[in-house]
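Here is how the chains run, residue by residue.
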Amino acid sequence: QLQLVESGGGLVQPGGSLTLSCAASGFSLDYYAIGWFRQAPGKEREGVSCISRGGGSLNYADSVKGRFTISRDNAENTVYLQMNSLKPEDTAIYYCAAATGCGSPKSEFGSWGQGTQVTVSS
């Protein structure tokens, strides 16, 4: 069974950067597309970014396009989310999850991690 663990969150000032990691165990990441999602208090969980199994297709929400970069290192069984030019509205708990493809609806993503908190504040 695939298990995912997020890390790398923290407190950062507006305009700053953070890199989040999604580490897998129990199964190889090669079999899965990996998506990053975030959830702010009182809001629904939303998709942020997704990377295909081979890494050839990268998807970004319009709100983060040009600021965030998703990547994967299958040899290390890890997916990363590099976040630059952070804004207060990026504040949320960030989760990673797995699916057969980035076109899968949110309900078909699984193996959700515990989440990592990102707070953007001056």
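Just so you know, these numbers come straight off a predicted model, no measurement behind them.

1. Here's the deal with the overall build of the chain
Counting its secondary structure elements, the chain contains zero helices and 10 strands. N-terminal to C-terminal, the α/β element order of the chain is β-β-β-β-β-β-β-β-β-β. For a compact globule of 122 residues, the expected C-alpha radius of gyration is about 14 Å, and the chain comes in at 13 Å, within 12% of that figure. For the chain, the C-alpha atoms occupy an extent of roughly 40 × 30 × 25 Å along the three principal directions. When each of the 122 residues of the chain is scored for burial, the buried share is 42%. Counting contacts in the chain only where the partners sit at least 6 residues apart, residues at least 24 apart contribute 57% of the total. Surface summary for the chain: the accessible area is close to 6100 Å², and the carbon and sulfur share equals 48%. Placing the 9 positive and 10 negative side-chain charges of the chain at their respective mean positions leaves the two points 5 Å apart.

2. Thoughts on the environment of M83
Here M83 is to be found in strand 8 (residues 78-83). On the basis of relative accessible area, M83 is assigned to the buried category, the value being 0%. M83 sits 13 residues away from C96 along the chain, and the two C-alpha atoms are 14 Å apart. Residues within four places of M83 in sequence aside, it is in contact with G16, S17, L18, L20, R67, F68, Y94 and V118.

Calculation notes
Residues numbered from 1 in each chain as written. Predicted model: local features only at pLDDT ≥ 70, side-chain atom pairs only at ≥ 80, totals over all residues. Heavy atoms only, no water. Helix = DSSP H or I, 4+ residues; strand = E, 2+ residues; numbered from the N terminus. Rg over C-alpha atoms; globule rule 2.2 N^0.38 Å. Buried < 20%, exposed > 50% of the residue type's maximum accessible area, 1.4 Å probe, protein only. Contact = heavy atoms within 4.5 Å. Areas by Shrake-Rupley, 256 points an atom, 1.4 Å probe, with all protein chains shown as cover. Lys, Arg positive; Asp, Glu negative; His and termini not counted. Charge placed at Lys NZ, Arg CZ, Asp CG, Glu CD.

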